[in-house]
Amino acid sequence: ILCRMLIGPVVQFYWYWTPEYLFRERGLSLQAIGLFAWIPFLFGDIGNIGGGWLAGFLMRRGMSLTHARRFTMYGGALLCLLSFAVPHAGSAAFAIAAICVVLLGHTCLSANFFARISDLTPEASVSRVTGLTGVAGGLSGMLFPLLTGRLVDQVSYTPVFLLAALMPLAGVLLLEGFSRRVSPHA
């Protein structure tokens, strides 16, 4: 639940705030935003599919289920750290490229997070736990935009991109720290 609270709002931040960021901070026109702002979400799709594929590939090569999930989740969280670079990018093109990598990493992490629930939870409880993580994601998804708006208005986008860089890794650390006490069910 804590993991979902931390990782969920990051992708929502990118969904909802990327066009405004590109307009306000990068000076892109509405036409340019329409031409280029979809590209990071294509990378998100690739990460979603690729994250599941990568975990399966690693398992077919002999890696345990637990290690394959950890590898893909930590790898995705590490890619999210590139969010640090977005507000400091020298050009809009580099900012968009960094966002592409972040969304690829985030969705790779998320695909394996959802699978990890069934790895750690008894079969009879998977739907309940998944639902509770959805509530947590929804709650943080309502609160993070309020924080984002306040930070953007009073400071800048920089602290928001900093949070977006750190929250996925913090979420994975919490999940894996707590799950070490639970034996996998898959």
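Refer to the preceding data block for the structure.
Report follows, based on the coordinates. (Residues numbered from 1 in each chain as written. Predicted model: local features only at pLDDT ≥ 70, side-chain atom pairs only at ≥ 80, totals over all residues. Heavy atoms only, no water.)

1. Observations regarding the overall build of the protein chain
Stage number 1. Scanning the protein chain for helices and strands turns up 7 helices and 0 strands.
Stage number 2. Moving toward the C terminus, one meets the helices and strands of the protein chain in the order α-α-α-α-α-α-α.
Stage number 3. For 186 residues, the compact-globule estimate of 2.2 N^0.38 gives 16 Å, and the C-alpha radius of gyration of the protein chain, at 17 Å, lies within 12% of that figure.
Stage number 4. Across its three principal axes, the protein chain shows a C-alpha extent of roughly 50 × 35 × 20 Å.
Stage number 5. Looking at the protein chain residue by residue over its 186 residues, the buried ones come to 46%.
Stage number 6. Taking the intrachain contacts of the protein chain between residues at least 6 apart in sequence as the baseline, contacts between residues at least 24 apart amount to 79%.
Stage number 7. Surface exposure of the protein chain reaches about 9300 Å², of which carbon and sulfur atoms provide 70%.
Stage number 8. Each charge class in the protein chain was averaged separately, 12 positive and 7 negative side chains, and the resulting centres sit 9 Å apart. (Helix = DSSP H or I, 4+ residues; strand = E, 2+ residues; numbered from the N terminus. Rg over C-alpha atoms; globule rule 2.2 N^0.38 Å. Buried < 20%, exposed > 50% of the residue type's maximum accessible area, 1.4 Å probe, protein only. Contact = heavy atoms within 4.5 Å. Areas by Shrake-Rupley, 256 points an atom, 1.4 Å probe, with all protein chains shown as cover. Lys, Arg positive; Asp, Glu negative; His and termini not counted. Charge placed at Lys NZ, Arg CZ, Asp CG, Glu CD.)

2. Details of the packing of aromatic side chains
Stage number 1. Applying the stated criterion across every chain, the model contains 11 aromatic pairs.
Stage number 2. Ring geometry for tryptophan 17 against tyrosine 157: centres 6.2 Å apart, planes inclined by 75°, an arrangement best described as edge-to-face. A residue pair is termed long-range when its members are at least 10 positions apart, and tryptophan 17 in helix H1 (residues 2–24) and tyrosine 157 in the loop between helix H6 (126–154) and helix H7 (158–179) qualify at 140 residues.
Stage number 3. A residue is classified by how much of its surface remains accessible, and tyrosine 157, at 2% relative accessible area, is buried.
Stage number 4. A network of ring pairs unites the aromatic residues Phe13, Tyr14, Trp17, Tyr21, Phe144, Tyr157 and Phe161 as a single cluster. (Phe/Tyr/Trp six-rings, centres within 6.5 Å; stacked < 30°, edge-to-face > 60°.)

3. What to know about H6
Stage number 1. Under the 1.5 Å per step criterion, the end-to-end length of H6 is 41 Å for 29 residues, consistent within 8% with the ideal 42 Å.
Stage number 2. The complete set of buried residues in H6 reads Thr133, Ala136, Gly137, Ser140, Gly141, Phe144, Thr148, Gly149, Leu151 and Val152.
Stage number 3. Contact partners of the buried residues in H6: H1, helix H5 (92–120) and H7. (Expected span 1.5 Å × (residues − 1).)

4. What about the nonpolar core?
One recurring pattern in soluble globular proteins: nonpolar side chains tend to sit buried together.
Stage number 1. Ranked by size, the top nonpolar core spans 29 residues in total, and within it Phe13, Tyr14, Tyr21, Leu22, Val86, Tyr157 and Phe161 carry the most contacts.
Stage number 2. Counting residues per element, the ones that place at least two in this core are H1, helix H2 (30–36), H5, H6 and H7.
Stage number 3. If sequence neighbours within four positions are ignored, tyrosine 157 has contacts with Phe13, Trp17, Glu20, Tyr21, Arg24, Glu25 and Val152.
Stage number 4. Among the nonpolar cores identified, the runner-up in size contains 11 residues, and Ala77, Leu109, Val172 and Leu175 belong to it. (Core = buried A, V, L, I, M, F, W, Y, C linked by side-chain atoms within 4.5 Å.)

5. Quick look at helix H3 (residues 39–60)
Stage number 1. The end-to-end C-alpha separation of H3 is 31 Å, in line with the 32 Å expected for 22 residues at 1.5 Å each.
Stage number 2. At glycine 50, H3 shows its largest bend, some 25°.
Stage number 3. Listed in full, the buried residues belonging to H3 are Pro40, Gly44, Gly47, Gly51, Ala55, Gly56 and Leu58.
Stage number 4. Residues of H3 that are buried in the fold lie against H2, helix H4 (65–80) and H5. (Bend = angle between axes of the 7 residues up to and from the residue.)

6. Regarding the pattern of salt bridges
Stage number 1. A full pass over the atoms with the stated rule returns 5 salt bridges.
Stage number 2. Where arginine 69 meets aspartate 119, a salt bridge forms, and the shortest distance between an N and an O atom there is 2.6 Å. Remark: aspartate 119 occurs in helix H5 and arginine 69 occurs in helix H4; sequence separation between them is 50 residues.
Stage number 3. Assessed through its relative accessible area of 11%, arginine 69 is described here as buried.
Stage number 4. In the salt-bridge network here, residues are joined through shared partners; they are Arg69, Arg70, Arg116, Asp119 and Glu176. (Salt bridge = Lys/Arg side-chain N within 4 Å of Asp/Glu carboxyl O.)

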